[in-house]
Structures are given as C-alpha cells and as structure tokens.
Amino acid sequence: MKSETKPSVCVVGLGYIGLPTAAVIARAGCKVLGLDVSQSVVDTINRGEIHIEEVDLDGLVQGVVARGLLSASTEVTPADVFVIAVPTPFHKDGADGGKHAPDVSYVLEAGRTIAPVLKHGDTVILESTSPVGTTEELRDLIAKARPDLKIPGLTHETPDISIAYCPERVLPGRILEELTNNDRSIGGITPRCARKALAFYKRFVRGECVTTDARSAEMTKLVENAYRDVNIAFANELSIVSDAMGLDVWEVIRLANRHPRVNILTPGPGVGGHCIAVDPWFIVHGAPEETPLIRTARGVNDHKMHHVIAKAEGLIEAHPDAKVACLGLAFKANIDDFRESPARFITSRLVRKFGPRIHVVEPYAEELPIEFTDTGVAQIDIDEALETCDIFVVLVDHDVFKVVPLAERAEKLVYDTRGIWPDQPRAVREEAARLKLAL
Ligand code: SAJ
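Please read all numbers here as calculations on a predicted model, not as lab measurements.

Turning next to the packing of helix α1 (residues 18-27) against helix α3 (residues 57-66). Between two packed helices, what matters for the description is the angle formed by their axes and the separation of those axes. Direction vectors running N to C along α1 and α3 enclose 50 degrees, while the axes themselves pass 9 Å from each other. By the angle class used here, α1 and α3 are oblique. α1 and α3 meet at a crossing whose hand is left-handed. Across the interface between the two elements, Leu19, Pro20, Ala23, Val24, Ala26 and Arg27 from α1 touch Leu57, Leu60, Val61 and Val64 from α3. Grouping the amino acids of the contact of α1 with α3 by side-chain chemistry returns nine nonpolar, no polar and one charged.

Surveying the vicinity of the ligand reveals 20 residues, the closest of which are Val170, Lys221, Arg228, Thr266 and Phe331. Lys332 has a polar side-chain atom sitting 2.7 Å from an oxygen atom of the ligand. Separating an oxygen atom of the ligand from a side-chain N or O atom of Arg418 is a distance of 2.8 Å. The leading source of residues in the shell around the ligand is helix α8 (residues 214-245), at five residues. When its residues are assigned to classes, the shell around the ligand shows nine nonpolar, three polar and eight charged.

This brings us to the pattern of salt bridges. One pass over the full model with this rule turns up 24 salt bridges. A salt bridge links Arg254 to Glu251; the shortest N-O distance between them is 2.7 Å. Of this pair, Arg254 and Glu251 both sit in helix α9 (residues 249-256), separated by three residues, roughly a single helical turn. Each of Asp80, Lys119 and Asp122 takes part in a single network of salt bridges with overlapping partners.

What counts, and where the lines are drawn
Residues numbered from 1 in each chain as written. Predicted model: local features only at pLDDT ≥ 70, side-chain atom pairs only at ≥ 80, totals over all residues. Heavy atoms only, no water. Axes fitted to C-alpha atoms, helices over the stretch in contact; angles between N-to-C directions. Helix = DSSP H or I, 4+ residues; strand = E, 2+ residues; numbered from the N terminus. Parallel < 35°, antiparallel > 145°, perpendicular 65-115°, else oblique. Left-handed = near helix turned anticlockwise from the far one by under 90°. Contact = heavy atoms within 4.5 Å. Nonpolar A, V, L, I, M, F, W, Y, C, P; charged D, E, K, R; others polar. Near = heavy atom within 4 Å. Polar contact = N/O pair within 3.5 Å; in protein donor to acceptor, adjacent residues only side chain to side chain. Salt bridge = Lys/Arg side-chain N within 4 Å of Asp/Glu carboxyl O.

Functional significance is not addressed by these values, which are geometric in nature.
See the structure below:
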C-alpha cells in the first residue's frame with residue numbers, strides 16, 4: 001500500500017537550492033518538512049515568506065505553506081525521503097590540506113542530524129556539490145550512528161535504507177524552471193539505491209533522470225562547472241590577448257563563432273558566484289598532479305579581475321576631472337546576488353583608490369554592500385549616471401544597462417567588460433590608441 005501514497009520528505013538546508021527544491025516537491029503533493037539551523041529562516045518560511053530572491057519563488061512558497069504541504073523547523077522528525085542541500089564551502093584558513101580544500105562538515109552534520117530518525121524503507125539523497133567519495137563518507141557515518149540498520153554497500157542482505165547522490169544543476173534566476181525541466185544524474189551507492197532515488201525524482205522532474213553510481217554522479221557535477229570555467233577562461237584570455245594586440249575581442253569572437261564547430265563563451269570581468277569559481281578546486285584538490293588545465297583556468301579567470309582593475313585605473317587616472325560610473329555589482333546579469341562577485345570586488349578596489357569620484361549603479365541593490373560604508377561613494381541610478389558621469393565601467397550585463405540607446409552614451413568614455421554596447425564609438429580601446437596608453 002505504501003507505494004500508492006506520496007512519501008513524506010525532509011529537506012535539510014533551506015538555502016538557494018534547498019528552499020526551491022522543498023517547494024517544488026511540495027507542489028507535487030508530498031508533505032515536506034524543511035529543516036534549517038536558523039530560527040529566523042524557519043519562522044520566515046512558516047509565515048509563507050522567503051529569505052532569498054528567486055524568480056516566482058515567493059508565490060510558490062506562499063501557496064504550498066498555505067496548503068499545509070510545506071513547513072519548516074529546526075528539529076528533525078521522521079520522513080520517508082531525506083534530501084540534503086547544505087553548503088560545501090572551502091575549509092576556512094586553508095585548514096585540511098591547502099587553500100582550496102573542500103569542507104564537507106555541513107554534509108556530515110546533516111547526516112548526524114537525520115541518522116537517529118532513519119527507519120526501514122527510507123531514502124537519503126545528497127544534493128550538495130561534493131568532492132568524490134562524500135556520499136560514501138555520509139553512508140559510513142550513518143552506518144556508525146545506526147548499527148541496527150542494514151546499510152547499502154556494507155551488507156550482503158537487503159539493505160534497510162537507500163543512499164544516493166543527485167546533484168542540483170539549476171541556474172540562479174531560472175531555478176524553478178530548471179529544477180523541473182533539467183535532466184538529472186542519480187548516483188546510487190548501489191543500483192538498487194539509484195532506482196529508489198529515481199522513483200522519487202520522477203514525481204517532480206520532467207527532464208530525463210539517468211542513473212549511475214554515486215562517485216560518477218559526484219564527479220559529473222564538478223566536471224560540469226569546471227567545463228564552463230575552462231571555457232570562460234579561454235574567452236577571458238582572448239580578451240587579454242586582444243587588448244595587448246589592439247584588437248576588438250567581441251569582433252574576433254563574433255567572427256570565430258561563425259565556424260560551425262566553434263562556440264567561444266563571453267569574456268567578462270572574471271568569474272563569480274558560488275559554483276563555477278569553487279567547484280573546479282574540488283577536482284584539483286582530489287587529483288593535484290593531474291589537473292594543470294583546470295587549475296590554470298581558475299588562475300586565468302581570477303587574473304582577469306586584476307587586469308580589469310589595472311585597465312580601469314589607467315583610464316580614470318588619464319582623465320583626472322572625469323566622474324566615473326561603475327555599472328553593476330552582481331555576480332551576473334539580472335540577479336541580486338552580490339556574493340563572490342568580480343564586479344563588486346573591482347568596484348571596491350576602484351573606490352579605495354579614487355573615493356567619491358566613483359559612482360555605483362546597481363538597480364538590484366537597495367543599499368551598497370558593507371565595504372562601501374563611509375567611503376563617500378554614492379549609489380545612483382542609470383539615468384543620473386548618464387546625466388552626470390563621463391567615464392562608464394560596465395561590469396554587469398543587466399538588461400537595464402543593455403537597453404541604453406547609443407544617443408544617450410555616444411559622448412561617454414566606456415570600458416565595457418561585458419560587450420553590451422558593441423556600437424560604442426568612444427570605447428576604451430580607441431581611447432588607449434589616442435592617448436598612447438597601455439590601457
Ligand atoms: N560568465 C562569463 N562568461 C560566460 C558565462 C558566464 O563571464 O560566457 C560568468 C558570469 O558572469 C558569472 C559566472 O561566470 O560571474 C558564473 O555564471 P553562470 O551563469 O555561468 O553560472 P552560475 O554560477 O550562475 O551557475 C552554474 C551553472 N553551471 C553550469 O552552467 C555548468 C548551473 O547550472 C549550476 O547549477 C550552478 O553553477 C551550480 O549551482 O553549481
């Protein structure tokens with residue numbers, strides 16, 4: 001009879017992935033308990049509100065909480081399926097083997113939390129981006145905490161529970177759509193575990209769900225983000241080479257991409273966010289001798305930020321009376337996420353050097369981040385920037401910047417790190433040639 005009823009679900013960690021995941025599972029009709037260590041997060045969700053920004057998430061959470069399908073708590077209770085979506089950052093202070101060593105302590109803590117309530121028939125799924133071997137580590141921890149349970153991979157009998165790894169792969173800003181429509185890789189500790197997890201994901205995923213083993217699924221997630229990092233590094237290196245050669249990188253890429261088998265990504269001020277700039281290090285940490293390309297790509301993307309700072313500084317110094325507008329602080333377009341953002345880092349460095357000459361334009365920020373306090377720097381909107389500023393440093397490709405017509409910016413001196421204004425006549429490249437500056 002059990003298979004006819006919908007499983008009860010506990011989602012551990014109600015952050016950028018956990019909360020949307022909990023809401024989507026609840027929308028599919030499962031009763032979901034969201035578990036979080038923060039009382040204020042729990043209270044917010046139980047009021048039907050949200051503590052993060054994501055397209056359409058507010059309405060969805062409000063609806064599923066009102067229907068009694070989603071609630072939150074700091075205390076674990078028994079459930080049929082446990083989904084762990086907690087952070088896996090770097091170790092602080094370079095502990096445990098180097099600067100970029102992954103810290104899986106939150107995952108293991110989640111395992112300790114749920115172990116006491118696990119029962120025969122339950123499924124435990126890890127979704128956090130994790131170094132290869134973490135799901136087995138979680139399995140071993142559960143085995144130790146619950147010697148009464150038969151654990152997959154450690155018993156020749158039919159196990160009591162199933163354990164699997166299934167990485168999220170959703171894009172911030174499109175999370176709800178991608179949670180439902182993206183394909184999923186589901187890696188079981190055993191094939192039986194994978195099948196159990198597959199049956200669960202089928203309840204709310206429309207994309208194809210492909211089963212594999214846990215270690216392959218862990219690596220797949222890391223590889224996806226490393227692939228993107230390496231490809232962005234190629235584009236960023238081209239932009240630096242083009243600067244050195246006095247070429248327009250956007251023109252070069254546009255033409256090269258007309259080749260049927262070439263698809264160069266877009267240069268920018270560096271790579272931000274919590275995933276692409278972090279996950280490749282998990283591979284490097286696991287195989288330091290075998291990963292020169294992945295490591296170098298990280299270095300190229302980090303170096304791009306410093307290249308942009310140096311070039312912007314040269315431009316601003318060459319025009320001592322000019323007022324400067326830095327466009328964008330977010331780590332990418334059209335979102336309000338300023339964590340690990342190259343634009344934010346670059347702007348704060350320019351502010352440190354030039355003080356109130358810099359004006360910050362960020363429509364997605366209600367106020368400037370903490371490092372701008374007491375700098376005398378003003379946050380202005382794009383209209384005011386166009387009226388009052390002379391130099392524009394474009395750091396984020398927000399739509400609201402892209403649509404500024406040429407007539408309103410033709411006289412401005414523009415350093416466009418995102419290539420949003422390809423028709424700009426006074427671009428920094430021409431200016432460098434005019435001033436004979438190495439900008
Ligand atoms: N960027 C460029 N040039 C590009 C593409 C991106 O400079 O051509 C920059 C962005 O501006 C940003 C950074 O890279 O600073 C990352 O942005 P993104 O949109 O590429 O990716 P994220 O970090 O928002 O989400 C990624 C996604 N991974 C892949 O596309 C392989 C997402 O699917 C993952 O779920 C997510 O990481 C994650 O959680 O791991």
